[in-house]
Amino acid sequence: MAPRGKQKPAKSAASIKEVVRPQVPNWPPLTPLIPAEHLALETLCPGQILLVRNLFTSNLCKAYVSFLSALPLNTTPGNPKRGEAVRVNDRFQIEDTVFARMLWEQSGLQYLVESFEDPTIFGGKVLGLNPNIRVYRYRPGHFFDPHYDESNRLQFGEEKVPAKTTWTLLIYLTTCEGGETAFYPTVRKRGEKTPDPIMVEPEAGMGLLHKHGEDCMLHAGREVTSGEKWVLRSDLVVER
Ligand SMILES: O=C(O)CCC(=O)C(=O)O
Ligand SMILES: [Fe+2]
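Cut-offs applied
- Residues numbered from 1 in each chain as written.
- Chains lettered and ligands numbered in written order.
- Predicted model: local features only at pLDDT ≥ 70, side-chain atom pairs only at ≥ 80, totals over all residues.
- Heavy atoms only, no water.
- Near = heavy atom within 4 Å.
- Polar contact = N/O pair within 3.5 Å; in protein donor to acceptor, adjacent residues only side chain to side chain.
- Areas by Shrake-Rupley, 256 points an atom, 1.4 Å probe, with all protein chains shown as cover.
- Salt bridge = Lys/Arg side-chain N within 4 Å of Asp/Glu carboxyl O.
- Helix = DSSP H or I, 4+ residues; strand = E, 2+ residues; numbered from the N terminus.
- Buried < 20%, exposed > 50% of the residue type's maximum accessible area, 1.4 Å probe, protein only.
- Donors = N, O, S within 2.8 Å, 3.2 Å for Na, K, Ca; no water.
- Tetrahedral: all angles 85-135°; square planar, octahedral: opposite > 155°, others 65-115°.
- Pairing = 2+ DSSP bridges.

S.K.: Account for the site of ligand 1, with residues named and values stated.
M.R.: Near ligand 1, the surroundings consist of Tyr 136, Tyr 138, Phe 144, His 147, Asp 149, Leu 170, Thr 181, His 219, Gly 221, Lys 229 and Arg 233. In the environment of ligand 1, an oxygen atom lies 2.5 Å from a nitrogen or oxygen atom belonging to the side chain of Thr 181. Here an oxygen atom of ligand 1 and a side-chain polar atom of Lys 229 are 2.7 Å apart. Relative to its unbound accessible area of 290 Å², ligand 1 is 99% covered by the protein chains.

S.K.: Tell me about the pattern of salt bridges, and please be specific about residues and values.
M.R.: Applying the stated criterion to the full structure yields nine salt bridges. Taking the shortest distance from any N to any O, the salt bridge between Arg 101 and Glu 105 comes out at 3.1 Å. Here Arg 101 pairs with Glu 105, and both are found in helix α3 (residues 97-106), just four residues apart, close to one helical turn. Between Asp 235 and Arg 134 there is a salt bridge, with its nearest N and O atoms 2.6 Å apart. Taken together, the residues Asp 235 in strand β17 (residues 229-239) and Arg 134 in strand β7 (residues 132-138) connect sequence positions 101 residues apart. Judged by relative accessible area, which is 1%, Asp 235 ranks as buried. What emerges from the salt-bridge pattern is a single network uniting Arg 134, Asp 149, Arg 233 and Asp 235.

S.K.: I'd like a description of the coordination of the iron ion (ligand 2), backed by residues and values.
M.R.: Six octahedrally arranged donors around a metal ideally form angles of 90 or 180 degrees; four tetrahedrally arranged donors ideally form angles of 109.5 degrees. Here the iron ion (ligand 2) is held by His 147 (NE2), Asp 149 (OD), Asp 149 (OD) and His 219 (NE2), and the distances to it run 2.0 to 2.7 Å. Classification of the site at the iron ion (ligand 2) rests on its six donor atoms, whose angles at the metal span 52 to 171 degrees, yielding the label irregular. Expressed as a motif, the donor residue spacing for the iron ion (ligand 2) is H-x1-D-x69-H. Here Asp 149, found in the loop between β8 (143-147) and β9 (153-156), pairs with His 219, found in strand β15 (residues 218-221); they are 70 residues apart in sequence, far enough to count as distant. Comparing Asp 149 with His 219, the two get one shared label, buried.

S.K.: If you had to explain unusual backbone geometry to someone new, which residues and values would you point to?
M.R.: For the bond from Thr 31 to Pro 32, the omega torsion is 0 degrees, close enough to zero to count as cis. Secondary-structure assignment places Pro 32 in the loop between α1 (13-20) and β1 (42-45). Of note in the backbone geometry, Asn 54 takes a positive phi value of approximately 60 degrees without being a glycine. Take Asn 54: its relative accessible area is 37%, and that puts it in the partly exposed class. A positive phi angle, close to 50 degrees, is found at Lys 160, a residue other than glycine. Its location among the elements puts Lys 160 in the loop between β9 and β10 (161-172).

S.K.: Tell me about the pairing of strand β14 (residues 207-211), and name the residues and values.
M.R.: Extensive coverage of β14 is indicated by the burial of four of its five residues. Bridge analysis of strand β2 (residues 49-52) against β14 gives four bridges, and the strand direction is antiparallel. In the strand pairing of β14, Ile 49 is matched with His 210. When β10 meets β14, the two strands line up antiparallel, connected through five bridges. The residue of β14 that forms the bridge with Leu 170 is Leu 208.

What follows is the structure in structure tokens.
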């Protein structure tokens, strides 16, 4: 007989798969929504930061926060890898092509991006949203230190089109105190005064797009002081 404790119960193929690839969430439907023609992509910083107010209605935000609260969120440890920004929040991450497509097509984002006055700012032919969906919950005391977001290469869609991410998408699902997304413009000429940071206060339902990759602005998620800040994150994907 094998010594006690040496034998492990055999895992079925299904349970191994679950460990490696968590099941995709059964996301709530994207309704109610304001028709896309009634929304607008506002420029906060030309070629760098765009905002869409009421991308999600307050009822939709509430439905999402209640749904997301039941997901297995992981608290990110405060010890990042070398070169990574300190980030303290609770997060959930999933590869979900179906949801990414639903969010792109149904929320109004596709319409807004494709009808934007200067489509060149997106850095190529926009294909949709990154299936790498992230959910963040920041509780009081949580924050994301200053960092740059990288552009990632991927094969997009069933046709595996060579693609890359060019802009970060954040959708704020709550309004809270603190928790601003702060952007730090760089000083262009020597001796010039450091410009004030551009502060975006989380507003339930607001979408934010900001350019990332090589000319990403340094940015941070400031500490939440009261309430909870919930964010859905993806990226714009373009052909490469
Ligand atoms: O939560 C925020 O305000 C910023 C999030 C962020 O910078 C990121 O996801 O890379
Ligand atoms: Fe970021």
